[in-house]
Amino acid sequence: MHYQIIPLEMGSLVERNIFQQENKEIKCGTVWKLGSVITTIKPVFLKAYDPNIGICIEDIPGGALEKTYGEEKVIYFSDTVQEDEQDELTDIFYQSSRKFSKSYEDVYCDLGWRKINSESYIFGELEIKALDEAPTSYK
(Lines give C-alpha, C1' and ligand atoms only; values in the text may rest on other atoms or scores of the structure.)
Protein backbone atom coordinates (compact mmCIF):
# COMPACT_ATOMS: atom_id res chain seq x y z
CA MET A 1 0.00 0.00 0.00
CA HIS A 2 1.18 3.51 -0.81
CA TYR A 3 0.12 6.69 0.94
CA GLN A 4 0.00 10.10 -0.73
CA ILE A 5 0.31 13.14 1.54
CA ILE A 6 -1.11 16.21 -0.17
CA PRO A 7 -1.00 19.79 1.16
CA LEU A 8 -4.37 21.49 0.69
CA GLU A 9 -2.88 24.95 0.13
CA MET A 10 -0.77 26.01 -2.84
CA GLY A 11 2.88 26.65 -2.06
CA SER A 12 3.01 24.34 0.96
CA LEU A 13 5.84 22.17 -0.35
CA VAL A 14 9.34 23.64 -0.22
CA GLU A 15 12.98 22.70 -0.53
CA ARG A 16 15.41 24.96 1.32
CA ASN A 17 19.21 25.21 1.23
CA ILE A 18 21.22 27.31 3.67
CA PHE A 19 24.72 28.59 2.88
CA GLN A 20 26.98 30.56 5.22
CA GLN A 21 30.19 32.54 4.87
CA GLU A 22 31.57 34.41 7.89
CA ASN A 23 28.61 36.42 9.25
CA LYS A 24 26.57 36.13 6.01
CA GLU A 25 23.79 33.73 5.10
CA ILE A 26 21.86 32.71 2.00
CA LYS A 27 18.54 30.84 2.15
CA CYS A 28 17.43 29.59 -1.24
CA GLY A 29 15.48 26.81 -2.85
CA THR A 30 12.23 25.88 -4.49
CA VAL A 31 8.55 26.37 -3.71
CA TRP A 32 6.06 24.22 -5.59
CA LYS A 33 2.51 25.39 -6.22
CA LEU A 34 1.25 21.81 -6.00
CA GLY A 35 2.80 18.51 -5.06
CA SER A 36 2.73 15.53 -2.75
CA VAL A 37 4.82 13.20 -0.66
CA ILE A 38 4.62 9.45 -1.18
CA THR A 39 5.38 6.76 1.40
CA THR A 40 4.77 3.04 1.76
CA ILE A 41 4.57 3.39 5.55
CA LYS A 42 1.23 4.49 6.99
CA PRO A 43 1.67 8.09 8.24
CA VAL A 44 1.27 8.43 12.01
CA PHE A 45 2.82 11.88 12.47
CA LEU A 46 -0.54 13.69 12.27
CA LYS A 47 -1.21 13.31 16.01
CA ALA A 48 1.63 15.72 16.78
CA TYR A 49 1.59 17.65 13.49
CA ASP A 50 1.28 21.45 13.63
CA PRO A 51 0.16 22.87 10.24
CA ASN A 52 1.87 26.19 11.01
CA ILE A 53 5.25 24.54 11.50
CA GLY A 54 4.94 21.59 9.10
CA ILE A 55 7.23 18.60 8.97
CA CYS A 56 10.53 17.86 7.31
CA ILE A 57 9.98 15.23 4.62
CA GLU A 58 12.99 13.30 5.96
CA ASP A 59 11.05 12.92 9.24
CA ILE A 60 8.21 11.07 7.46
CA PRO A 61 9.20 7.37 7.49
CA GLY A 62 9.68 6.29 3.88
CA GLY A 63 8.60 9.75 2.67
CA ALA A 64 9.76 11.08 -0.68
CA LEU A 65 8.80 14.17 -2.63
CA GLU A 66 6.96 12.67 -5.57
CA LYS A 67 4.58 14.79 -7.58
CA THR A 68 5.34 18.45 -8.05
CA TYR A 69 3.99 21.18 -10.28
CA GLY A 70 4.64 24.89 -10.70
CA GLU A 71 8.20 25.23 -9.46
CA GLU A 72 9.35 28.68 -8.34
CA LYS A 73 12.91 29.35 -7.23
CA VAL A 74 13.39 31.78 -4.32
CA ILE A 75 16.43 33.31 -2.63
CA TYR A 76 16.86 35.41 0.51
CA PHE A 77 19.93 37.03 2.06
CA SER A 78 20.89 38.08 5.55
CA ASP A 79 21.26 41.84 6.05
CA THR A 80 25.03 41.36 6.16
CA VAL A 81 25.28 40.47 2.43
CA GLN A 82 26.10 43.61 0.43
CA GLU A 83 23.76 44.57 -2.41
CA ASP A 84 26.34 44.06 -5.21
CA GLU A 85 27.17 40.60 -3.82
CA GLN A 86 23.45 39.82 -3.62
CA ASP A 87 23.10 40.72 -7.31
CA GLU A 88 25.92 38.35 -8.32
CA LEU A 89 24.67 35.53 -6.09
CA THR A 90 21.13 35.97 -7.41
CA ASP A 91 22.37 35.76 -11.03
CA ILE A 92 24.25 32.56 -10.15
CA PHE A 93 21.17 31.09 -8.43
CA TYR A 94 18.90 31.78 -11.40
CA GLN A 95 21.67 30.66 -13.79
CA SER A 96 21.65 33.99 -15.59
CA SER A 97 25.38 34.60 -15.03
CA ARG A 98 27.53 33.86 -18.06
CA LYS A 99 30.64 33.56 -15.88
CA PHE A 100 29.58 30.22 -14.35
CA SER A 101 28.28 27.05 -15.97
CA LYS A 102 28.03 24.79 -12.90
CA SER A 103 25.06 24.49 -10.56
CA TYR A 104 24.57 27.33 -8.09
CA GLU A 105 25.44 24.96 -5.23
CA ASP A 106 28.84 24.16 -6.74
CA VAL A 107 29.56 27.81 -7.57
CA TYR A 108 28.62 28.99 -4.07
CA CYS A 109 31.01 26.42 -2.58
CA ASP A 110 33.74 27.50 -5.05
CA LEU A 111 33.20 31.09 -3.85
CA GLY A 112 33.79 30.07 -0.22
CA TRP A 113 30.22 29.54 0.97
CA ARG A 114 29.55 26.46 3.11
CA LYS A 115 26.35 24.51 2.64
CA ILE A 116 24.94 24.20 6.15
CA ASN A 117 21.60 22.53 5.50
CA SER A 118 19.34 21.17 2.79
CA GLU A 119 15.83 19.99 3.64
CA SER A 120 12.38 19.67 2.14
CA TYR A 121 9.23 20.54 4.08
CA ILE A 122 5.50 20.13 3.80
CA PHE A 123 3.17 22.31 5.87
CA GLY A 124 -0.40 23.53 6.16
CA GLU A 125 -3.50 21.38 6.27
CA LEU A 126 -2.88 17.93 4.77
CA GLU A 127 -4.90 15.20 3.14
CA ILE A 128 -3.69 11.60 3.21
CA LYS A 129 -4.87 9.17 0.56
CA ALA A 130 -4.30 5.41 0.62
CA LEU A 131 -3.39 4.18 -2.86
CA ASP A 132 -3.50 0.58 -4.11
CA GLU A 133 -0.39 1.15 -6.24
CA ALA A 134 2.36 3.72 -6.66
CA PRO A 135 1.13 6.84 -8.47
CA THR A 136 2.63 7.85 -11.77
CA SER A 137 4.90 10.87 -11.54
CA TYR A 138 4.23 14.07 -13.52
CA LYS A 139 7.38 15.96 -12.51
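What you see is a predicted model, and the numbers here were worked out from it, not measured in a lab.

Some words on the nonpolar core
Core analysis: the largest hydrophobic core is formed by 13 residues, its most contacted members being Ile26, Cys28 and Tyr108. Going through the elements one at a time, strand S3 (24-39), strand S5 (64-77), helix H1 (83-93) and helix H2 (104-110) are the ones with two or more residues in this core. Contact partners of Cys28, with chain neighbours within four places excluded, come to Glu15, Arg16, Asn17, Phe19, Val74, Ile75, Phe93, Tyr104 and Tyr108. Ranked by size, the runner-up nonpolar core spans 11 residues in total, among them Trp32, Phe45, Ile57 and Ile60.

Quick notes on the environment of Lys99
As for its position among the elements, Lys99 is in the loop between H1 and H2. Of the residues examined, Lys99 reaches a relative accessible area of 61% and is grouped as exposed. C-alpha separation for the pair Lys99 and Thr40, spaced 59 residues apart in sequence, amounts to 44 Å. At 3.1 Å, the side chain of Lys99 forms a polar contact with the side chain of Glu88.

Section: the environment of Glu83
Within the fold, Glu83 resides in helix H1. For Glu83, a relative accessible area of 61% puts it in the exposed group. Sequence-wise, Glu83 and Thr30 are 53 residues apart; in three dimensions their C-alpha atoms are separated by 22 Å.

Some details on the side chain of Glu119
In this structure, Glu119 sits in strand S6 (residues 114-122). For the buried residue Glu119, which engages in no salt bridge, the nearest side chain bearing the opposite charge is Arg16, 4.4 Å off. A polar contact is formed between the side chain of Glu119 and the side chain of Tyr121, at a distance of 2.4 Å. Excluding residues that lie within four positions of it along the chain, Glu119 makes contacts with Val14, Glu15, Arg16, Cys56 and Glu58.

What counts, and where the lines are drawn
- Residues numbered from 1 in each chain as written.
- Predicted model: local features only at pLDDT ≥ 70, side-chain atom pairs only at ≥ 80, totals over all residues.
- Heavy atoms only, no water.
- Core = buried A, V, L, I, M, F, W, Y, C linked by side-chain atoms within 4.5 Å.
- Buried < 20%, exposed > 50% of the residue type's maximum accessible area, 1.4 Å probe, protein only.
- Helix = DSSP H or I, 4+ residues; strand = E, 2+ residues; numbered from the N terminus.
- Contact = heavy atoms within 4.5 Å.
- Polar contact = N/O pair within 3.5 Å; in protein donor to acceptor, adjacent residues only side chain to side chain.
- Lys, Arg positive; Asp, Glu negative; His and termini not counted.
- Salt bridge = Lys/Arg side-chain N within 4 Å of Asp/Glu carboxyl O.

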